[in-house]
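A look at the structure
Residue-level listing of the chains:
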Amino acid sequence: LPRKLDRVPAIGWVGGPDGHAAVLDQTLLPGKVKVLRVTGHEAMRDAIRRLAVRGAPAIGIAAAYGVVLAARRTRARSAARFRSAMARAIARLESARPTAVNLSWALRRMERKLEDLFPGARELEAGREDAALREVAAGLLAEARAIHAEDEALCEAIGRHGAALLRSGWNVLTHCNAGALATGGSGTALAVVYSAAADGKDIKVFADETRPLLQGARLTSWELRRGGIDVTLICDGAAASVIASGKVQCVVVGADRIARNGDTANKIGTYGLAVLAREHGVPFYVAAPGTTFDLGIGSGSEIPIEERPADEVARSFGKRTAPEGVAVYNPAFDVTPARYITGIITERGVIRPPYTKNIARAFRPGVRGRSPPRRT
Ligand code: MRU
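This text gives an overview of the structure that appears in the document. (Residues numbered from 1 in each chain as written. Predicted model: local features only at pLDDT ≥ 70, side-chain atom pairs only at ≥ 80, totals over all residues. Heavy atoms only, no water.)

1. Overview of the overall build of the chain
Here is the rule: Only DSSP runs of H or I reaching four residues or more are called helices, and only runs of E reaching two or more are called strands; each is numbered from the N terminus. Values of the radius of gyration come from C-alpha atoms, whereas the globule rule sets the reference at 2.2 Å times the count of residues to the power 0.38. Buried, partly exposed and exposed residues are distinguished by accessible area as a fraction of the type maximum, computed with a 1.4 Å probe on protein chains only: under 20%, between the cut-offs, and over 50%, respectively. In what follows, a contact means two residues having at least one pair of non-hydrogen atoms within 4.5 Å. Exposure was quantified through the Shrake-Rupley algorithm and a 1.4 Å probe, taking into account, for residues, occlusion by the shown protein chains and nothing else.
Looking only at helices and strands, the chain features eleven helices and 16 strands. The C-alpha radius of gyration computed for the chain amounts to 21 Å, which stays within 12% of the reference 21 Å derived for 376 residues, consistent with globular compactness. Projected onto its principal axes, the C-alpha positions of the chain cover 70 × 55 × 40 Å. A total of 376 residues make up the chain; the buried ones form 56% of that total. Within the chain, contacts between residues at least 6 apart in sequence are counted, and of these 76% link residues at least 24 apart. Here the chain has roughly 15800 Å² of accessible surface; of this, 52% comes from carbon and sulfur atoms.

2. Remarks on the pattern of salt bridges
The criterion, for reference: Take a side-chain nitrogen of Lys or Arg and a carboxyl oxygen of Asp or Glu: if they are within 4 Å of each other, that pair is a salt bridge.
Under the criterion given, the structure shown has 21 salt bridges. Residues Arg160 and Glu156 are paired through a salt bridge, measuring 3.8 Å at the closest nitrogen-oxygen approach. Taken together, the positions of Arg160 and Glu156, both in helix H5 (residues 129-163) and four residues apart, correspond to about one turn of that helix. Of the residues examined, Arg160 reaches a relative accessible area of 17% and is grouped as buried. One connected set of salt bridges, linked through shared partners, spans Asp18, Arg72, Arg77, Asp130 and Arg134.

3. What to know about the layout of surface pockets
Put simply, the test is: Cavity means a closed set of points on a 1 Å grid over the protein atoms alone, one where a 1.4 Å probe fits but cannot get out, pocket means an open set with protein on both sides within 12 Å along at least 5 of 7 lines, and lining means a residue has an atom within 4 Å of a point. Grid points are joined across faces, edges and corners, and a volume is the space filled by probe spheres set on the points. Only Asp, Glu, Lys and Arg are considered charged in this grouping, and only Ala, Val, Leu, Ile, Met, Phe, Trp, Tyr, Cys and Pro are considered nonpolar; every other residue, Gly among them, is considered polar.
Looking at the largest pocket, its volume works out to about 360 Å³. Those elements giving two or more residues to the lining of the largest pocket turn out to be helix H7 (215-226) and strand S12 (315-316). Here the residues of the lining of the largest pocket are counted per class, giving six nonpolar, three polar and eight charged.

4. A look at the state of the cysteines
Here is the rule we go by: A pair of cysteine sulfur atoms is labelled a disulfide when the two atoms are within 2.5 Å.
Taken as a whole, this structure holds zero disulfides when the rule is applied. The thiol of Cys235 is unpaired, and the distance to the nearest cysteine sulfur, on Cys176, comes to 16 Å. Relative accessible area serves as the criterion here: at 41%, Cys235 is assigned to the partly exposed category. Lacking any disulfide linkage, Cys250 is separated from the closest cysteine sulfur, that of Cys176, by 17 Å.

5. Description of the site of the ligand
Our working definition: Residue proximity to a molecule or strand is established when one non-hydrogen atom of the residue lies within 4 Å of it. Two N or O atoms count as a polar contact when they lie within 3.5 Å, although within protein this holds only if one can serve as hydrogen donor and the other as acceptor, and sequence-adjacent residues are included solely when both atoms are side-chain atoms. In this description, a molecule resides in a pocket or cavity if more than half of its atoms sit within 2 Å of the grid points defining it.
The immediate surroundings of the ligand are formed by 17 residues, with Arg54, Ala56, Arg97, Asn266 and Lys267 found nearest. Arg54 places a polar side-chain atom, nitrogen or oxygen, 2.8 Å from an oxygen atom of the ligand. Relative to its unbound accessible area of 420 Å², the ligand is 99% covered by the protein chains. With respect to the detected pockets, the ligand is housed in the largest cavity. Within the residue set of the shell around the ligand, elements represented by two or more residues are helix H2 (56-73) and strand S9 (264-267). A per-class count over the shell around the ligand returns seven nonpolar, six polar and four charged.

6. Some words on the pairing of strand S4 (residues 171-174)
Rules: Strands were regarded as paired on the criterion that DSSP finds at least two bridges between them. By convention, orient the strands away from the viewer: a clockwise path from the first strand over the helix to the second makes the crossover right-handed.
Because side chains alternate across S4, one face comprises the buried residues Asn171 and Leu173, and the other comprises Val172 and Thr174, equally buried. As defined by bridge partners, S4 adjoins strand S5 (residues 204-208) across four bridges and the pair is classed as parallel. Looking at S5, one finds that Asn171 is bridged to Lys204. A crossover connection joins S4 to the parallel S5 through helix H6 (residues 189-198); in handedness this β-α-β unit is right-handed. The pairing of S4 with strand S7 (residues 250-253) spans two bridges and is classified as parallel. From the neighbouring strand, Leu173 faces S7, where its bridge partner is Val251.

7. Digging into unusual backbone geometry
Among all residues except glycine, the phi angle is most often negative; among peptide bonds, the trans geometry is most common. For the peptide bond that leads from Leu29 to Pro30, omega is 5°, which places it in the cis range. By the secondary structure assignment, Pro30 is in the loop between strand S2 (20-24) and strand S3 (35-38). Even without being glycine, Cys176 reaches a positive phi, approximately 60°. A relative accessible area of 8% places Cys176 in the buried class. Although it is not a glycine, Thr210 adopts a positive phi angle of roughly 75°.

8. Considerations on the nonpolar core
To be explicit about the condition: Here the nonpolar core consists of buried residues drawn from Ala, Val, Leu, Ile, Met, Phe, Trp, Tyr and Cys, with membership extended through side-chain atoms lying within 4.5 Å.
One finds Met44, Ile48, Tyr65, Phe82 and Leu140 to be the most contacted residues of the largest nonpolar core, which totals 48 residues. If you list the elements that add at least two residues to this core, you get strand S1 (11-14), S2, S3, helix H1 (41-49), H2, helix H3 (79-94), helix H4 (101-117) and H5. No other element matches H2, which puts 13 residues into this core. With residues near it in sequence (within four places) discarded, Leu140 still touches Val67, Val68, Ala71, Met86, Met110, Lys113, Leu114 and Leu117.

9. Concerning the sheet that holds S2
Defined as follows: Interaxial angle, 0 to 180 degrees, is taken between N-to-C directions of lines fitted to C-alpha atoms, where a helix line uses only the stretch in contact.
Taken together, three strands build an open sheet; the order of strands is S1-S2-S3 and the sheet is antiparallel. With one partner strand each, in any of the chains shown, S1 and S3 form the two edges of the open sheet. Taken over all neighbouring pairs, the strand axes of this sheet differ in orientation by 25° on average, direction set aside. In terms of strand pairing, S2 meets S3 through four bridges, oriented antiparallel. Along S3, the bridge assignment pairs Ala21 with Val38.

The analysis is restricted to geometry; functional conclusions fall outside its scope.
Written out as structure tokens, the structure is:
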């Protein structure tokens, strides 16, 4: 101590409105640190789809930058064509992945900004088309940057609220990657760990490897080591016996979408961990910003669950690991019923049951929430 997070940003923007997005290609980690230059919204959609950029808040930010790219690259020279090109681009970005609500949240916000910058009745002035569209792109870039900067602040606040829950000497179990690589800041679940460590607490982490794409092995253990946090990697099947042996004092995971009643979608395998934690009397926390709550749905049964290609399960280590032709079911997420969740750590404080009442209260318009505990 002091520990410093040696952070490689998951995503950034280089230059002005004519610039490009820089995306850390997470599919290559931990072997290779390569930053992709993303210059069009289709390339951004592809980066999201193939998990070059992943994690709920990060894909929202990526989609917002994708809207800027669409505005700048369009060849439309009439207002009507520009509007329909933007609507098509936004729909393409939104279709990249279905579960994390941050993606559609960010796109709705970019749509509102577009409407402010280029209201319905406006036409493009002849001879000034390029200048006008450049101004629109500049306004959209400012909005995307704002979404990015706000996410960084949300992570910080989540970390501070969550750190207050951890005692020095605790071992925390986490699943998938809900860290700096998944957000515009220091993470959600991992922000809690970083923040507790920065407070001088001795926190160790068990990271589930997280089949089938190994976000825990490839990403969480990589970023925690860079952040100076003691991490031990376990295979997913080891979680039960590790918890049963008393080695884990707390589970903290991220979220992709949280319904009004607190039911939470997160990486496949999270639900099982929550049941295990309950069985063994270990607190199970979800850490997520307000942008991950979908107050439009009443329960987890309404959350769309992404199904990914069979090859992600039937092939590993660059070769086939299951017989040719075997049926594969590959849901990328599961839903943890709210009753298994001890608390949801947000930028507005830790929300406790009863969730329907307390989530509504925390995110009522005009409510700003408690400020995070001050570090002494
Ligand atoms: O498929 P992924 O890697 O995008 O899944 C990510 C997760 O499940 C994370 O836990 C979640 O998005 C929270 S990230 C702060």
